[in-house]
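Residue-level listing of the chains:
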Amino acid sequence: MSMTRRAFLASSTALALSAASTRPAGAGIGFDHNTVVMLAQDMAARDYAPRPKVPQDWQDLTYEQYKSIWFRHDAALWRGTDASYNVDFFHPGLYFPQAIHIDTVTGSTATPVPFDLSAFDRTDKVPELTQDSAQNGAMGYSGFRLRTELTEPGHKNEFCVFQGASYFRAIGFDQSYGLSARGLALKTGDPMGEEFPDFTRFWLERPAPGQRNMIVHALLDSPSVTGAYRFDITPGVNCVMDVSATLFARTELGHIGLGPLTSMFLFDSTDRTRFDDFRPAVHDSDGLLMQNGAGEVLWRPLANPKHLQVSSFVDEAPRGFGLMQRARKLSDFADLEALYHRRPGVWVEPKGDWGKGAVTLVEIPADQEIYDNIVAYWRPKTPLTAGQRLDLGYRLTWGADVPVQTGLPQVHNTSIGARRSGGRIVAIDFQAHEMFADGPDALDIRVSSPHAKTSDGVLQRNPETGGLRLAFRFDPGKRQMVELRAQLRRDGAAASEVWLYRWTA
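Nothing here was measured: the structure is a model prediction, and the numbers come from that model. (Residues numbered from 1 in each chain as written. Predicted model: local features only at pLDDT ≥ 70, side-chain atom pairs only at ≥ 80, totals over all residues. Heavy atoms only, no water.)

### So, unusual backbone geometry
Selection criterion: In DSSP terms, a helix is any run of H or I states spanning at least four residues, a strand is any run of E spanning at least two, and both are numbered starting from the N terminus.
Despite not being glycine, Ala-334 has its phi angle at roughly 55°, a positive value. In this model, Leu-339 sits at a positive phi of 50°, which is unusual for a non-glycine residue. As for its position among the elements, Leu-339 is in the loop between strand 22 (320-324) and strand 23 (345-351).

### Quick word on the packing of aromatic side chains
We count it as follows: Classification of ring pairs rests on two measures: the distance between centres of Phe, Tyr or Trp rings, Trp counted by its six-membered ring, which must be within 6.5 Å, and the angle between planes, read as stacked under 30 degrees, edge-to-face over 60 and tilted in between. Working definition: with a 1.4 Å probe on protein chains only, accessible area under 20% of the residue-type maximum means buried, over 50% means exposed, and in between means partly exposed. A ring is considered to have a charge above it if a Lys NZ or an Arg CZ atom is located within 6 Å of its centre and within 35 degrees of its normal.
According to the stated counting rule, one finds 28 aromatic pairs in the structure shown. Judged by centre distance (5.4 Å) and plane angle (20°), the ring pair of Phe-31 and Trp-203 falls under stacked. In this pair, Phe-31 is assigned in the loop between strand 1 (29-30) and helix 2 (33-44) and Trp-203 in strand 12 (residues 198-205), connecting sequence segments 172 residues apart. According to the relative accessible area criterion, Phe-31 is buried, its value standing at 7%. Through a chain of ring-to-ring contacts, three or more aromatic side chains come together here, namely Phe-144, Phe-162, Phe-168, Phe-199, Phe-202, Tyr-229, Phe-231 and Trp-398. Directly above the ring of Tyr-177 sits Arg-169, whose terminal nitrogen or CZ lies 4.6 Å from the centroid. For the cation-ring pair, Arg-326 lies above Trp-299, with the distance from its terminal atom to the ring centre recorded as 3.8 Å.

### Topic: the side chain of Thr-454
The test is simple: Should any heavy atoms of two residues lie within 4.5 Å, those residues are considered in contact.
Residue position: Thr-454 is located in the loop between strand 29 (444-448) and strand 30 (458-461). The residues touching Thr-454, leaving out its near neighbours within four places in the chain, are Val-447, Ser-448, Ser-449, Phe-472, Arg-473, Phe-474 and Leu-484.

### Things to note about helix 2
Which entries qualify depends on this criterion: Expected helix span is given by 1.5 Å per residue-to-residue step, counting one fewer step than there are residues. The term polar contact refers here to a pair of N or O atoms within 3.5 Å; inside protein, the definition further demands a hydrogen-donor-capable atom paired with an acceptor-capable atom, and it admits residues adjacent in sequence only when both atoms are side-chain atoms.
With 12 residues, helix 2 extends 17 Å between its outermost C-alpha atoms, agreeing within 8% with the 16 Å of an ideal straight helix rising 1.5 Å per residue. For helix 2, the complete set of buried residues consists of Thr-35, Val-36, Val-37, Met-38, Leu-39, Ala-40, Met-43 and Ala-44. The N-cap of helix 2, judged by a side-chain oxygen 3.0 Å from the amide nitrogen of Asn-34 a few residues on, is Asp-32.

### A short note on the pairing of strand 26 (residues 389-399)
Consecutive side chains along a regular strand alternate between the two faces of the sheet. Rule in force here: Pairing between strands is defined by DSSP: at least two bridges between them are needed.
Bridge analysis of strand 15 (residues 239-249) against strand 26 gives 10 bridges, and the strand direction is antiparallel. Residue Asp-242 lies in a different strand from strand 26, and its bridge partner there is Arg-395. Relative to strand 26, strand 23 runs antiparallel, the two being bridged by 7 bridges. Looking at strand 26, one finds that Pro-350 is bridged to Tyr-394.

### Overview of the sheet that holds strand 30
This is how it is decided: Think of each axis as a best-fit line through the C-alpha atoms, taken over the contacting stretch in the case of a helix, with angles from 0 to 180 degrees between the N-to-C directions.
Across the sheet, which stays open at both edges, the 4 strands sit in the order 27-28-31-30 with antiparallel pairing between neighbours. Pairing within the sheet leaves two strands with one partner each, and these edge strands are strand 27 (411-418) and strand 30. Neighbour-to-neighbour, the strand axes of this sheet turn through a mean angle of 20°, independent of strand direction.

### Regarding the environment of Asp-286
Its place among the elements puts Asp-286 in the loop between strand 18 (282-283) and strand 19 (287-291). Through-space distance from the C-alpha of Asp-286 to that of Pro-301 is 5.9 Å; in sequence the pair is 15 residues apart. Ignoring sequence-local partners within four residues, the contact set of Asp-286 consists of Phe-265, Trp-299, Pro-301, Leu-302, Met-324, Gln-325, Arg-326 and Ala-327. At 3.2 Å, the side chain of Asp-286 forms a polar contact with the backbone nitrogen of Ala-327.

### A few points about the side chain of Asp-88
By secondary structure assignment, the location of Asp-88 is in strand 3 (residues 85-90). By relative accessible area, Asp-88 is classed as buried at 0%. There is a polar contact of 3.2 Å between the side chain of Asp-88 and the side chain of His-73. Among all residues touching Asp-88, those that are not within four sequence positions of it are Phe-71, His-73, Ala-76, Gly-143, Phe-144, Arg-145 and Arg-147.

### Some details on the state of the cysteines
Each disulfide consists of a covalent bond between the sulfur atoms of two cysteine residues. Selection criterion: Any two cysteine sulfur atoms lying within 2.5 Å of each other are counted as a disulfide.
Enumeration over the complete set of coordinates arrives at 0 disulfides. Here Cys-160 is not cross-linked by a disulfide; its sulfur's nearest cysteine counterpart is in Cys-239, at 5.7 Å. Residue classification places Cys-160 among the buried residues on the basis of a relative accessible area of 0%.

### Remarks on the pattern of salt bridges
Note the cut-off: We count a salt bridge whenever a side-chain nitrogen from Lys or Arg sits within 4 Å of a carboxyl oxygen from Asp or Glu.
A complete count under the given rule lists 27 salt bridges for this structure. One salt bridge in this structure joins Asp-198 and Arg-51, with 3.1 Å as the shortest N-O distance. One end of the pair, Asp-198, is in strand 12; the other, Arg-51, is in the loop between helix 2 and helix 3 (56-59), and 147 residues separate them in sequence. In this structure Asp-198 comes out as buried when scored by relative accessible area, which is 13%. A relative accessible area of 19% means that Arg-51 is categorised as buried. The closest approach of N and O atoms between Arg-201 and Asp-103, which form a salt bridge, is 2.6 Å. Separated by 98 residues along the polypeptide, Arg-201 in strand 12 and Asp-103 in strand 4 (residues 101-106) bring together distant segments of the chain. Accessibility classification places Arg-201 together with Asp-103 in one group, the buried group. Linked by salt bridges that have partners in common, Asp-88, Arg-145, Arg-147 and Glu-158 make up one network.

Structure, rendered in structure tokens:
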């Protein structure tokens with residue numbers, strides 16, 4: 001196969017960048033996003049090589065010591081310039097034993113940002129750390145955060161963080177960090193264990209004065225796959241990220257997760273029997289929302305099962321999915337510190353046709369809120385073969401509400417409990433909506449289960465919310481698992497989201 005001049009130049013640039021960490025500070029080289037694509041392609045043709053770890057004394061930092069080192073705002077990238085963003089860096093060590101490398105891009109020139117230990121302050125709890133590798137630029141950082149003017153002129157607020165494996169997270173206005181996104185998920189929930197690809201290198205395009213968006217490029221690497229990512233990030237009431245990714249499979253990828261989200265769900269009113277806690281609920285997200293290729297809107301409340309469970313929602317050309325937080329009152333959690341009611345949801349909107357596959361939900365047992373035990377992603381039906389290239393694009397929207405207006409009443413809350421006479425009772429609260437103006441009698445109730453007999457259901461006005469509450473019974477008998485489905489309809493058309501739930505004993 002002949003190589004075009006453009007491909008040759010890009011490949012040459014990629015090879016030069018592969019040794020960029022050894023360039024002296026200030027030395028630049030030509031760059032565009034195709035440079036990252038060619039670098040990923042070149043790496044995929046070679047065996048995976050694990051990155052070196054930072055010096056042992058950095059790895060041996062305790063949690064308290066690690067927290068006692070912090071980056072100084074006055075050392076931020078582009079501080080004191082007319083750039084519309086500042087960038088703070090995180091130091092490596094402890095949970096981050098392998099460093100990443102960062103370049104800035106001005107025009108079409110990439111220049112490395114060397115590790116600078118003097119940019120960090122620390123308390124006397126922190127021992128003296130190895131500096132030789134730090135000072136010559138070989139060590140690198142563990143991640144970075146973006147800051148720009150959001151609500152106060154002249155003050156740059158934090159709104160986005162990239163740190164650890166291929167994890168990143170963001171917030172909209174007046175929100176607190178919660179769930180995370182990832183560049184890629186591999187073998188999540190598989191018996192042989194999960195593989196976690198890493199973003200090993202970033203290129204940060206210097207923004208112009210007043211520029212609202214920020215462009216970040218990232219190189220992904222793992223034993224099974226490499227990838228080139230481009231993030232076009234715009235903060236605001238919602239933080240919007242347009243993601244372009246090019247993947248190169250080193251091996252066959254039979255279980256790959258696209259647009260993956262990771263969150264925490266401990267308990268709520270669906271089941272709190274295992275938690276003696278003063279709070280009524282503890283979670284970063286309370287449900288998986290989906291709009292399938294046929295336009296049907298599905299809501300699946302999250303669960304914290306006793307055993308690992310995986311749910312697959314088969315679809316073709318999905319319109320979107322996301323992990324959402326619909327509990328928005330402080331009283332929903334009664335937690336004055338964690339402020340779970342301010343955690344964002346994230347909506348994944350595919351660009352183009354993602355074909356056949358399934359929105360996949362993995363729910364992992366957890367006994368503490370420090371564990372991220374929920375994962376959601378799109379799993380293509382057809383595996384990627386070794387050597388295959390995959391190009392995809394999608395939009396991530398971080399915020400309080402879904403950016404897509406379905407026009408249907410949403411499920412506001414789900415409660416489940418035992419009945420004195422046996423079996424279980426389910427209460428589903430739907431938000432107030434104009435579709436409910438004629439009252440409950442104008443609506444049809446659809447409740448079903450392939451595993452257990454359900455009652456017909458009772459629909460009543462909820463005077464506190466102004467919406468409607470659907471209550472029904474089911475008896476699982478000796479079954480350990482029961483799938484449930486409910487929806488309100490009017491004149492043969494949907495009058496609510498489809499509510500889905502998997503009850504486990």
